[in-house]
Amino acid sequence: MKLLHIDSSILGDNSASRQLSSQVVKAWQAAEPSAVVTHRDLAADAISHFSSTTLVAAGTTAELRNAAQQHEAELSASTLAEFIAADAVVIAAPMYNFTVPTQLKAWIDRVAVAGQTFRYTEAGPEGLCGGKKVVIVSTSGGIHAGQASGIAHEEYLKLVLGFLGITDIEIVRAEGLAYGDEVRNNAMTAAQAKISEQLFAAA
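Residues numbered from 1 in each chain as written. Predicted model: local features only at pLDDT ≥ 70, side-chain atom pairs only at ≥ 80, totals over all residues. Heavy atoms only, no water.

Asks: How should the packing of helix H4 (residues 102-111) against helix H5 (residues 151-163) be read in this particular structure?
Replies: In helix packing, the relevant descriptors are the interaxial angle and the interaxial distance, both defined with respect to the helix axes. Put simply, H4 and H5 touch, their axes get as near as 12 Å, and they point 10° apart. One finds that H4 runs roughly parallel with respect to H5. Each of Leu 104, Lys 105 and Ile 108 in H4 lies in contact with H5, whose residues at this interface are Tyr 156, Leu 157 and Val 160. In terms of residue class, the contact of H4 with H5 is made up of five nonpolar, no polar and one charged. (Axes fitted to C-alpha atoms, helices over the stretch in contact; angles between N-to-C directions. Helix = DSSP H or I, 4+ residues; strand = E, 2+ residues; numbered from the N terminus. Parallel < 35°, antiparallel > 145°, perpendicular 65-115°, else oblique. Contact = heavy atoms within 4.5 Å. Nonpolar A, V, L, I, M, F, W, Y, C, P; charged D, E, K, R; others polar.)

Asks: Whenever I open this one, the packing of aromatic side chains confuses me. Can you help?
Replies: Aromatic ring pairs: the centre-centre distance and the angle between the two ring planes describe each pair. Counted under the stated rule, the structure contains four aromatic pairs. A ring pair is formed by Phe 118 and Phe 163, whose centres lie 4.7 Å apart and whose planes are at 55°; its orientation type is tilted. Taken together, the residues span a long stretch of sequence, with Phe 118 in strand E4 (residues 118-121) and Phe 163 in helix H5 at a distance of 45 residues. Judged by its relative accessible area of 29%, Phe 163 falls in the partly exposed class. Ring pairs connect the aromatic residues Phe 118, Tyr 120 and Phe 163, which therefore count as one cluster. (Phe/Tyr/Trp six-rings, centres within 6.5 Å; stacked < 30°, edge-to-face > 60°. Buried < 20%, exposed > 50% of the residue type's maximum accessible area, 1.4 Å probe, protein only.)

Asks: Looking at this structure, how should I read the pattern of salt bridges?
Replies: Working definition: two side chains of opposite charge can pair if their charged atoms are close together. If you walk through the whole model with that rule in mind, you get 10 salt bridges. When the shortest N-O distance is used, the salt bridge between Asp 7 and Arg 18 registers 3.6 Å. Here the residue Asp 7 occupies a position in strand E1 (residues 2-7), and Arg 18 occupies one in helix H1 (residues 16-31), the gap between them amounting to 11 residues. Judged by its relative accessible area of 14%, Arg 18 falls in the buried class. Lys 133 is paired through a salt bridge with Asp 168; the nearest N and O atoms lie 3.3 Å apart. Taken together, the residues Lys 133 in strand E6 (residues 133-139) and Asp 168 in strand E7 (residues 168-174) connect sequence positions 35 residues apart. Lys 133 gets classed as buried once you look at its relative accessible area, which sits at 17%. Among the ionic contacts, a cluster of salt bridges with common partners joins Asp 7, Arg 18 and Asp 41. (Salt bridge = Lys/Arg side-chain N within 4 Å of Asp/Glu carboxyl O.)

Asks: I keep staring at H1 and nothing clicks. Help me out?
Replies: Side chains that are three or four residues apart share a direction in an α-helix, a result of its 3.6 residues per turn. Between its terminal C-alpha atoms H1 stretches 23 Å, which fits the 22 Å expected from 16 residues at 1.5 Å a residue. Of the residues making up H1, those classed as buried are Ala 16, Ser 17, Arg 18, Leu 20, Ser 21, Val 24, Val 25 and Trp 28. Of the surrounding elements, those touching the buried residues of H1 are E1, strand E2 (36-41), strand E3 (88-94), E6, E7 and helix H6 (181-199). (Expected span 1.5 Å × (residues − 1).)

Asks: Just checking my understanding: could you explain a nonpolar patch on the surface for this structure?
Replies: On the surface, Ile 143, Tyr 179 and Val 183 cluster together into a nonpolar patch covering about 260 Å² of accessible area. Checked against the element boundaries, Val 183 lands in helix H6. In this structure Val 183 comes out as partly exposed when scored by relative accessible area, which is 33%. (Patch = residues over 30% accessible without salt bridge, like charges linked within 9 Å, V, L, I, M, F, W, Y side chains within 5 Å. Areas by Shrake-Rupley, 256 points an atom, 1.4 Å probe, with all protein chains shown as cover.)

So, in structure tokens, the structure goes:
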């Protein structure tokens, strides 16, 4: 199987989402030793935000593109191909100002492509990525899951993934990380326990 690992935190080794997503990937590899992992670090190697250049590049034949347009076209194509090829995706999604990092949103804009990962029909939109499994590693300094303040974070990701046809979604959550050492330690311990004891129990 092919496993795509997405990191988006700007905090490097101090990132809770990076620590937990790495543990998810290691647990997955232990459960499925044949898994081939591709790691995309959206903070260290940022994807440029969706722009007019992106749209123009998509609508311009290869031989007529300038250098900037060619770069955009290649970036879109490689990011999309990587996502489509993946059987499973681990998305590390820290909360920044009540939503996902802009780096992660930029990645979503490259993989949510009409005619490739979803399509519109007379009956409405249809996701084309069914069959993939996704684990969202959700981290936040406050407590937001299930509240209005979390709608643009976890709920947004579930909405996008569902729109693409992905329904097999697990969430590993560590929240309240800014509430002091005890709360942070308890949250991280609970998340790590879910990874080791529940996420791949069937395997």
